[in-house]
Amino acid sequence: WSGGDRAEGSTASKALAAAGFVVVATDYRLAPAHHYPEQLSDVQDSLTWIRRLAPQWKADPTRIALLGRSAGSQLAILTAAEPASGITSVVAFYSPVDFVVGWKEPGWPDPVHARDVFTDYFGGTYDELPERYREASPIAHTNRPLPPTLLISGGRDQLVELSFSRQLAERLTAGGTPTALVTIPWAEHAFDLIPQGIGSQIALHQVIRFLKLTLRTSTPTQSLKGTRVIPIRSG
């Protein structure tokens, strides 16, 4: 939430475009100068802009998938969780899951000093803004069906442990959301930003498969039946 820009992941964006999808990369205002939910509002505003210009790109504004990585995944899931979002599907790479648990039980090692990151993002500590921490947690929005969601996580991720992605997948599924979880063995956080890495190639293949199922099918929910979990394991 405090760094990066829309140029990240450009190799994957070009591959998706080559596969026949219209790809739009967007930015949002960064912390600590801007606090949540300003970032969420920026994503929502970008959708308004995309839908207005879609006819110029010969794109269908009624079939939109959101893809995010890490911080972007949290914003993608929350955007799709809005009842009137009109989002068709979501791809979330190593998404933060629960800011309340993340604050109370920071992982170890803690290479990014998670509490400092959260304080910058929310504009205060959990003790000061408990409701904001809860509302911004993707896991808080899993009690009702959301658009079909693909979760992708690395088996050795030290920032968002695989166990959290599994928990989110289970909660999404229990809430009625068609959900697939792809796990990449030995992969760390942001593994997919290495374009020629085997993990990024596997993930890209699964993303294209998922988008074809959801964006090119008139009934995307039905098309995902039987694909709740797609495990890719070592050995």
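In short, a report on the structure. (Residues numbered from 1 in each chain as written. Predicted model: local features only at pLDDT ≥ 70, side-chain atom pairs only at ≥ 80, totals over all residues. Heavy atoms only, no water.)

## Let's talk about the pattern of salt bridges
Consideration 1: Applying the stated criterion across every chain, the model contains 6 salt bridges.
Consideration 2: Of the charged contacts, one joins Glu38 and Arg29 as a salt bridge, the two residues approaching to 3.2 Å between their closest N and O atoms.
Consideration 3: Classification of Glu38 by relative accessible area gives partly exposed; the value is 27%.
Consideration 4: With a relative accessible area of 35%, Arg29 lands in the partly exposed category.
Consideration 5: The residue Arg134 makes a salt bridge to Glu131 at a minimum N-O spacing of 2.6 Å. With a gap of 3 residues between them, Arg134 and Glu131 both fall in helix H6 (residues 130-135), about one helical turn apart.
Consideration 6: Its relative accessible area of 35% is what places Arg134 among the partly exposed residues.
Consideration 7: Overall, the relative accessible area of 56% leaves Glu131 in the exposed class. (Salt bridge = Lys/Arg side-chain N within 4 Å of Asp/Glu carboxyl O. Buried < 20%, exposed > 50% of the residue type's maximum accessible area, 1.4 Å probe, protein only. Helix = DSSP H or I, 4+ residues; strand = E, 2+ residues; numbered from the N terminus.)

## Structural notes on the pairing of strand E3 (residues 149-154)
Looking along a regular strand, one sees the side chains alternate between the two faces of the sheet.
Consideration 1: Burial within E3 is extensive, with 6 of its 6 residues counted as buried.
Consideration 2: The side-chain alternation of E3 yields two buried faces, one formed by Thr149, Leu151 and Ser153 and the other by Leu150, Ile152 and Gly154.
Consideration 3: With 4 bridges joining them, strand E2 (residues 89-93) and E3 adopt parallel strand pairing. What sits directly across from Phe93, in E3, is Ile152.
Consideration 4: Of the strand pairs in this sheet, E3 and strand E4 (residues 179-184) are connected by 6 bridges, and their pairing is parallel. Considered in E4, the bridge of Ile152 is made with Val182.
Consideration 5: Regarding topology, helix H7 (residues 162-174) serves as the crossover connection from E3 to the parallel E4, and that connection is right-handed. (Pairing = 2+ DSSP bridges. Right-handed = clockwise from strand over helix to strand, strands pointing away.)

## Comments concerning the packing of helix H1 (residues 10-18) against helix H8 (residues 198-215)
Consideration 1: H8 packs onto H1 with a crossing angle of 40° between their chain directions and a minimal axis gap of 11 Å. By the angle class used here, H1 and H8 are oblique. In terms of crossing hand, the pair formed by H1 and H8 is right-handed. Residues Ala12, Ala15 and Leu16 of H1 touch H8, and the partners they reach there are Leu204, Val207, Ile208 and Leu211.
Consideration 2: Residues of the contact of H1 with H8, tallied by class, amount to 7 nonpolar, no polar and no charged. (Axes fitted to C-alpha atoms, helices over the stretch in contact; angles between N-to-C directions. Parallel < 35°, antiparallel > 145°, perpendicular 65-115°, else oblique. Left-handed = near helix turned anticlockwise from the far one by under 90°. Contact = heavy atoms within 4.5 Å. Nonpolar A, V, L, I, M, F, W, Y, C, P; charged D, E, K, R; others polar.)

## Topic: the packing of aromatic side chains
Consideration 1: Tallying each qualifying case throughout the model produces 16 aromatic pairs.
Consideration 2: Centroid distance Trp1 to Tyr121: 4.2 Å. Interplanar angle 15°. Geometry classified as stacked. Here Trp1, found in the segment before H1, pairs with Tyr121, found in helix H5 (residues 114-122); they are 120 residues apart in sequence, far enough to count as distant.
Consideration 3: Overall, Trp1 belongs to the buried group, its relative accessible area being 13%. (Phe/Tyr/Trp six-rings, centres within 6.5 Å; stacked < 30°, edge-to-face > 60°.)

## Here's the deal with the pairing of E2
Consideration 1: Across the 5 residues that make up E2, a large majority, 5, are buried.
Consideration 2: Side chains Ser89, Val91 and Phe93 project from E2 onto one buried face, and the interleaved Val90 and Ala92 project onto a second face that is buried too.
Consideration 3: In this structure, strand E1 (residues 65-69) lies alongside E2, joined through 5 bridges in parallel fashion. Counted as the bridge partner of Arg69 is Phe93 from E2.

## Overview of unusual backbone geometry
Consideration 1: The peptide bond linking Ala31 to Pro32 adopts the cis configuration, its omega dihedral lying at 0°.
Consideration 2: Counting through the fold element by element, Pro32 comes out in the loop between H1 and helix H2 (38-53).
Consideration 3: The peptide bond linking Tyr36 to Pro37 adopts the cis configuration, its omega dihedral lying at 15°.
Consideration 4: Although it is not a glycine, His113 adopts a positive phi angle of roughly 55°.
Consideration 5: Following the sequence through the fold, His113 ends up in the loop between helix H4 (99-104) and H5.
Consideration 6: Phi angles above zero are rare outside glycine, and Trp186 is one such case at about 65°.
Consideration 7: Locating Trp186 in the fold gives a position in the loop between E4 and H8.
Consideration 8: Its relative accessible area of 61% is what places Trp186 among the exposed residues.

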